[in-house]
Amino acid sequence: MVEQWKLKVEHIYRSYENCEARVEVLNDFNMEVSYGESVAIVGPSGCGKSTFLRLVAGLDKPERGRILYDGIEINETDPNRGFVFQEPNLFPWLTVKDNVGFGLKARKVFKEKKRKIQEYIDLVGLSGFEEAFPYQLSGGMASRASLARTFIQEPGVILLDEPLSALDAFTKESIQNEILKIWKKNKPIIILVTHDIEEAVYLSDRILVMSDRPGKIIGQVMVGIDHPRDRTSTEFVAKRKEILEILKNKNE
Ligand SMILES: Nc1ncnc2c1ncn2[C@@H]1O[C@H](COP(=O)(O)OP(=O)(O)O)[C@@H](O)[C@H]1O
Ligand SMILES: [Mg+2]
C-alpha cells in the first residue's frame, strides 16, 4: 500500500527536568500530515507547541516515539525542514540580500543565486530594501526577511512558530498573504503554530487543537474554504467558533 502521509508523528513523549521536578510536555502525541498540506496548531501557552516543532525540525529528540518524513525517521536537522522563529533572528552584520541568501551557500552559481534572492525578496514584498541592514527595518520587514531566508531554500516542510505574533494587524494580514503566495508556489507542508485563531483559519487546510500540558491533540477542524478567504463570511466565522468551542471545553 502506498503511504498516504508525508509526515507521520507516532506516540511522541518528551519531558524536561525543571527545578528538580520532571515536567511532561508531550505525551502520546500523534499526527499525520499529507503532501502539500498546511496545518495549524493552536493551544494554551506552555502546552508543548514549540517543543513539538523543535522535534520535527530535528533540533531535539523525543524520549519515546518517532517522527517519520518520507518514511525515514528524523533525528537531525535538515535544510529541507525550514524553521521560522517568533523572533526574526537576522544576522545584524548582513544586509537583507545577504541574510536572505545566507543558506544558499556556494553550491549555486552566482548569477542564479542572485536571481533567486531577488525573486524571494520580491515575493515577500521587500523590493528596494536589498541593501538595508536589520537595524534599518521595521518589525514587519524583519519578519518578511526572515520568512524569505527560510522560503528561499524551498524546503519540503516549513515550521512556523508564531512568526507574526509581534506584528500589528495590517502588517500581519499583508504577510499572511505573502505566506499563502509562497505556499501555492511550492506546495510545501506548512505547520503553523499560532495564538491567532483567525490566522489559523485564514491560512490552513486543517487546524489541530491541543490540550494543556502534557500536550495532546484534542480536536481537529477542517477548513475547506476556497482561497482567498473572506474573514467576515459566515462560514469563516463558523470555523473560528468551532475552534473556540474545542478550546473552551478542553478541561471539561
Ligand atoms: N529546554 C527546556 N528545558 C526545560 N524545560 C523546557 C524546555 N523547553 C520547554 N520546556 C518546558 O516545556 C513546556 C512547554 O514549552 P513549549 O513547548 O515552549 O510550549 P508552547 O510553545 O506551547 O508555549 C514549558 O513548561 C517549558 O517550560
Ligand atoms: Mg512556543
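Above this text sits the structure in question.
Residues numbered from 1 in each chain as written. Chains lettered and ligands numbered in written order. Predicted model: local features only at pLDDT ≥ 70, side-chain atom pairs only at ≥ 80, totals over all residues. Heavy atoms only, no water.

A. Summary view of the packing of aromatic side chains. Applying the stated criterion across every chain yields a total of 4 aromatic pairs. Relative to Phe-52, the ring of Phe-29 has its centre 4.6 Å away and its plane inclined at 45 degrees; by these criteria the two rings are tilted. Highlighted residues: Phe-29 in strand β2 (residues 21–34) and Phe-52 in helix α1 (residues 49–57), separated in sequence by 23 residues. By the burial criterion, Phe-29 is buried, and Phe-52 matches it. Taking the centre distance of 4.2 Å and the plane angle of 5 degrees together, the rings of Phe-83 and Phe-85 count as stacked. (Phe/Tyr/Trp six-rings, centres within 6.5 Å; stacked < 30°, edge-to-face > 60°. Helix = DSSP H or I, 4+ residues; strand = E, 2+ residues; numbered from the N terminus. Buried < 20%, exposed > 50% of the residue type's maximum accessible area, 1.4 Å probe, protein only.)

B. Fine view of the sheet that holds strand β5 (residues 72–73). Strands sit in the order β2-β1-β4-β5 across an open sheet of 4 strands; the sheet is antiparallel. Two strands bound the open sheet, and with one partner strand each, they are β2 and β5. Both strand β1 (residues 5–18) and strand β4 (residues 64–69) contribute to a ladder of 5 bridges, which runs antiparallel. Looking across to β4, one finds that Glu-10 is bridged to Arg-66. Its contacts with the sheet put α1 on β1, β2 and β4, and the angle it makes with β1 is roughly 125 degrees. (Pairing = 2+ DSSP bridges. Contact = heavy atoms within 4.5 Å. Axes fitted to C-alpha atoms, helices over the stretch in contact; angles between N-to-C directions.)

Functional significance is not addressed by these values, which are geometric in nature.
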